[in-house]
Amino acid sequence: MTATLSAPTATRGLVEITGVRKSFGATEVLKGVSLTVEPGGVAVIVGPSGSGKSTLLRTINHLEKVDGGHITIDGQLVGYEIRGDRLHELREKEILKQRTEIGMVFQNFNLFPHLTALENVAEAPVVAHQPGKARRSREEARRRGLELLDRVGLKDRADAYPRQLSGGQQQRVAIARALALDPKILLFDEPTSALDPELVNEVLDVIRELATSGTTLIIVTHEMGFARDVADTVVFMDQGQIVEQGTPRDIFSNPQEPRTRSFFSKVLEPAFNI
Amino acid sequence: MRWPVSSATRVAQSNQPQPAQPQSEQALPEQAAAVPPAAPPDKTGVSARIPADYSSYRVVAARHPWRWVGTAVVALGVLAVAWSLATNPRWEWGVVAQWFTAQSVVNGLVETLKLTAISGVLGFVLGFILALMRLSASPLLVSVSWTFSWIFRSTPLLVQMLLWYNLGYLYEKISLGIPFTDVRFFEVQTTTLISQFAAAVLGLTLNQAAYSAEIIRGGILSVDQGQLEAAAALGIPAWRRSTRIVLPQAMRAILPTAFNEIIGLVKGTSIVYVLAYSELFYTVQVIYNRTQQVLPLLLVATLWYIVITSVLSVFQYYIERHYSKGAVRNLPLTPLQKARKFFATHAAVPNRRNF
Ligand SMILES: Nc1ncnc2c1ncn2[C@@H]1O[C@H](COP(=O)(O)OP(=O)(O)OP(=O)(O)O)[C@@H](O)[C@H]1O
Ligand SMILES: [Mg+2]
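The following paragraphs examine the structure supplied in this document. Owing to the predicted nature of the structure, the values given are computational and were not obtained by experimental measurement.

What to know about the overall build of chain A
From N to C terminus, chain A includes nine helices and twelve strands. Taking 19 Å as the expected radius of gyration for a compact globule of 274 residues, we find that chain A reaches 19 Å, a close match to that expectation. Its C-alpha atoms put chain A at 55 × 55 × 40 Å along the principal axes. When the 274 residues of chain A are sorted by exposure, 58% land in the buried category. Partitioning the contacts of chain A with sequence separation of at least 6, the portion at a separation of at least 24 is 67%. Carbon and sulfur atoms make up 45% of the accessible area of chain A, which amounts to about 11,600 Å² in all. Of the charged side chains in chain A, 33 are positive and 36 negative, and the gap between their average positions amounts to 4 Å.

Given below as structure tokens:
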């Protein structure tokens, strides 16, 4: 049950999550989660509310510290380094460096409201330290920012502030912003949940296009139709554990676990078929 | 999925549920089929009507008679006050004019501005540091910052001033050295170090810092946590995160209260009269004790305070406007722009409403 390679050319962005545990106070939110996403693969995580999907995603870029287990990206530990027989937590500067290889798109966009769309996209490349890359000049970052805005179809709105944009446009700016550092991996936490149904597709279309670009995508979503289209692995989580994972066909039309079956029977239209 | 409808047809359609369209070519046919069919268009009869043409009518603005009554009453009141101010000889406007720009008064004014600027700037810098300490993860820094605010907010400013000025009585000498050893780098008499000016600045600064720390902390807390997360996820360094992402947004919450504080400080500096420090208010007191023209001289000081506050208010307006970029959908016009627009539209075409 591992992800298949969708883009054989992709050589970077292998994510290996091994036995990850996380508790908030007394409640254990992740109870030993293991998952492998191949370079260039697209993993879609689904599951009921509160099952730990967001938390898992946030551990991948170390916004959330794990209590047990570990996560590696292309064989490199996230948030820690091995010295002798110990794992030392990295200093913030090093963690920030690692994060530049992992883009994240949030449910509520989190665009910087006092910066224009272009400034939002061009900020990080100028100031963030990226491993093995020089920081970009303002001019270069602007040019690249415009390219990215063009790619998400918003070149003509480059000077608009986020509040002057529709929800779908804001989320597309957020995607462009996440792409600005050429990350190996992109994390999406319910990127369309805050959007009106009409606007969902403009965002999903952008993500669909990314899915073929060789970047590894890990997407939490409730859009089952989209998951079926775009995923090479669908992961079903419940109560802090991965209950089942497999190709969309296996998971949607032939779930093995009763919990998976009962979840899909609630969220899928009766006529939903592969 | 835009509806290519004119406003007229939109009126016609608004009373019926709009038929949902398949969201994309890839949308499942089952999904599309699951959508309830559109309601018959003539159900309410609205859609059959031909929209009337109102373009030939003249528009008459709504009338607000009570607004006019209120305006008249207030205008009368203002007029009465102005009349009494101008005609009552006891205000002694001549004396006011004579002292308003007198050298000693202007000197006092300069001292007031100096005290305000120095203790305002130092106070806010120290307040910023205290706010960061209070928000830090270190319990020691948090408690030091908390204790500082606690002490300086709970003692009267007057007492603080006098204590600083009389520090020489408590500690004769001030020295810099290594604690618990005899090593001293320098040593001075406290009384030579703490002049009236130093005591005034020290007192005002520390007191101001205690208050501004809380204002700045409040501003920082008002910025959404998601902003920090997004910045961290992008690998933006910590210092840049504070200065580029958090502070500009915090400024919106900080500025109104901060200007309140600074305006308070302008007048608050008058408290240094207890140190016989000749700022504006003390100067005026000295003069009226000599000339007995109490009321006009108090007016002189008051007018200057009004001038300073007005200038500060203008600054406040423009600074707040600067930081509201992006926070409001469209920036409101400045009074100047409004005036220009008013004259541009009203002077050119009177009595015409533009749509
Ligand atoms: N910072 C936190 N402190 C305490 N509990 C938390 C925290 N963050 C998440 N939780 C808890 O962890 C559990 C998993 O949360 P998580 O946000 O990962 O769920 P989710 O699967 O993303 O749900 P949803 O689909 O509603 O977004 C929930 O029970 C939540 O209440
Ligand atoms: Mg979530």
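Once the structure has been displayed, the description carries forward.
Considerations on the overall build of chain B
Scanning chain B from terminus to terminus reveals 15 helices and two strands. Counting over 355 residues, chain B shows a buried share of 29%. Expressed as a percentage of contacts within chain B between residues at least 6 apart in sequence, the contacts between residues at least 24 apart total 67%. Summed over its atoms, the accessible surface of chain B is roughly 23,100 Å², and 65% of this surface lies on carbon and sulfur atoms.

Remarks on the site of ligand 1
All names here are of chain A. In the neighbourhood of ligand 1, the contacting residues comprise Phe24, Val29, Pro48, Ser49, Gly50, Ser51, Gly52, Lys53, Ser54, Thr55, Glu190 and His222. In this structure, an oxygen atom belonging to ligand 1 sits 2.5 Å away from a side-chain N or O atom of serine 49. At 2.5 Å, a side-chain N or O of threonine 55 approaches an oxygen atom of ligand 1. Relative to its unbound accessible area of 640 Å², ligand 1 is 57% covered by the protein chains. Of the residues forming the shell around ligand 1, the biggest block, three residues, is contributed by helix 1 (residues 53-60). Considered class by class, the residues forming the shell around ligand 1 number three nonpolar, seven polar and two charged.

Points about the sheet that holds strand 4 (residues 68-73) of chain A
Backbone-to-backbone hydrogen bonds join strands into a sheet, with any given pair of strands oriented parallel or antiparallel. Residue and element names in this part refer to chain A. Pairing in this open sheet of four strands is antiparallel, and the strands run 2-1-4-5 from one edge to the other. On the outer flanks of this sheet lie strand 2 (27-37) and strand 5 (76-77), each paired with one strand and no other. Direction of pairing for strand 1 (residues 15-24) relative to strand 2: antiparallel, over a ladder of eight bridges. Each bridged residue has a counterpart across the sheet, and for valine 15 the counterpart in strand 2 is valine 37. Where helix 1 meets the sheet, its contacts fall on strand 1, strand 2 and strand 4, and the angle it forms with strand 2 comes to roughly 60°.

Quick notes on a nonpolar patch on the surface
All names here are of chain B. Where nonpolar side chains cluster on the molecular surface, the patch consists of Leu158, Val159, Leu162, Leu163, Tyr169, Leu170 and Tyr171 and spans about 740 Å² of accessible area. Residue assignment for the nonpolar patch shows that the elements contributing at least two residues are helix 7 (157-165) and helix 8 (167-170). It is helix 7 that contributes the most residues to the nonpolar patch, four residues altogether.

Examining the sheet that holds strand 12 (residues 241-246) of chain A
All names here are of chain A. The mixed open sheet is built from six strands, whose spatial order is 8-9-10-3-11-12. Sheet topology places strand 8 (102-105) and strand 12 at the edges, where each strand pairs with a single neighbour. Along the sheet, successive strands turn relative to each other by an average axial angle of 20°, direction set aside. Alignment of strand 8 against strand 9 (residues 185-189), held across four bridges, turns out to be parallel. Across the sheet, methionine 104 pairs through a bridge with leucine 187, a residue of strand 9.

Regarding the nonpolar core
Judged by nonpolar contacts, the single largest core of 49 residues is most densely connected at Leu149, Ile175, Phe188, Ile207 and Leu217 of chain A. Looking at which element gives the most residues to this core, the answer is helix 6 (residues 197-211) of chain A, with eight residues. Core analysis: the second largest hydrophobic core is formed by 43 residues, Ile45, Phe106 and Met237 of chain A together with Ile245 of chain B among them.

A word on the side chain of serine 270 of chain B
All names here are of chain B. Relative to the elements of secondary structure, serine 270 occurs in the loop between helix 12 (238-268) and helix 13 (280-291). Overall, the relative accessible area of 18% leaves serine 270 in the buried class. If we skip the residues at most four places from it in the chain, serine 270 touches Glu279, Phe281 and Tyr305.

Topic: helix 13 of chain B
Residues and elements named next belong to chain B. For helix 13, which comprises twelve residues, the first-to-last C-alpha distance of 17 Å matches the rise-based estimate of 16 Å (1.5 Å per residue) to within 8%. Looking at helix 13, one finds that the buried residues are Leu280, Thr283, Val284, Gln285, Ile287 and Tyr288. Residues of helix 13 that are buried in the fold lie against helix 4 (93-100), helix 5 (103-135) and helix 14 (294-323). Measuring from the backbone nitrogen of phenylalanine 281 back to the side-chain oxygen at the start of helix 13 gives 3.1 Å, which picks out glutamate 279 as the cap. Among the residues trailing helix 13, glutamine 292 stands out with phi positive, at a value near 65°.

Let's talk about the pairing of strand 1 (residues 173-177) of chain B
Residue and element names in this part refer to chain B. As defined by bridge partners, strand 1 adjoins strand 2 (residues 184-189) across five bridges and the pair is classed as antiparallel. Opposite serine 175, over in strand 2, you have glutamate 187 as the bridge partner. Counting the residues in the hairpin turn of strand 1 and strand 2 gives six residues, including phenylalanine 180, whose phi is positive at 65°.

Some remarks on the interface of chain B and chain A
In this complex, chain B contributes 31 residues to the contact, which on the side of chain A involves 36 residues. In total, about 3,000 Å² of surface goes out of reach between chain B and chain A, with carbon and sulfur atoms giving 54% of it. The largest contributions to the chain B side of the interface with chain A come from Ala233, Leu234 and Arg244 of chain B, which together make up 19% of the buried area. There are four salt bridges connecting chain B and chain A. Counting across the chain B and chain A interface gives eleven residue pairs in polar contact (both at pLDDT 80 or more). Among the elements of the structure, helix 2 (29-34), helix 11 (225-233) and helix 12 of chain B are those that each provide at least two residues to the side of chain B that touches chain A.

Considerations on the pairing of strand 1 of chain A
Put simply, side chains in a regular strand alternate between the two faces of the sheet. All names here are of chain A. Judged from the five bridges that link them, strand 1 and strand 4 form a sheet pairing that is antiparallel. Paired with threonine 18 across the strands is histidine 70, a residue of strand 4. From the end of strand 1 to the start of strand 2, which pair antiparallel, there are two residues, and glycine 25 there has a positive phi angle of about 60°.

Conventions used here
- Residues numbered from 1 in each chain as written.
- Chains lettered and ligands numbered in written order.
- Predicted model: local features only at pLDDT ≥ 70, side-chain atom pairs only at ≥ 80, totals over all residues.
- Heavy atoms only, no water.
- Helix = DSSP H or I, 4+ residues; strand = E, 2+ residues; numbered from the N terminus.
- Rg over C-alpha atoms; globule rule 2.2 N^0.38 Å.
- Buried < 20%, exposed > 50% of the residue type's maximum accessible area, 1.4 Å probe, protein only.
- Contact = heavy atoms within 4.5 Å.
- Areas by Shrake-Rupley, 256 points an atom, 1.4 Å probe, with all protein chains shown as cover.
- Lys, Arg positive; Asp, Glu negative; His and termini not counted.
- Charge placed at Lys NZ, Arg CZ, Asp CG, Glu CD.
- Near = heavy atom within 4 Å.
- Polar contact = N/O pair within 3.5 Å; in protein donor to acceptor, adjacent residues only side chain to side chain.
- Nonpolar A, V, L, I, M, F, W, Y, C, P; charged D, E, K, R; others polar.
- Pairing = 2+ DSSP bridges.
- Axes fitted to C-alpha atoms, helices over the stretch in contact; angles between N-to-C directions.
- Patch = residues over 30% accessible without salt bridge, like charges linked within 9 Å, V, L, I, M, F, W, Y side chains within 5 Å.
- Salt bridge = Lys/Arg side-chain N within 4 Å of Asp/Glu carboxyl O.
- Core = buried A, V, L, I, M, F, W, Y, C linked by side-chain atoms within 4.5 Å.
- Expected span 1.5 Å × (residues − 1).
- Buried area = accessible area lost by both parts, 1.4 Å probe.

The analysis is restricted to geometry; functional conclusions fall outside its scope.
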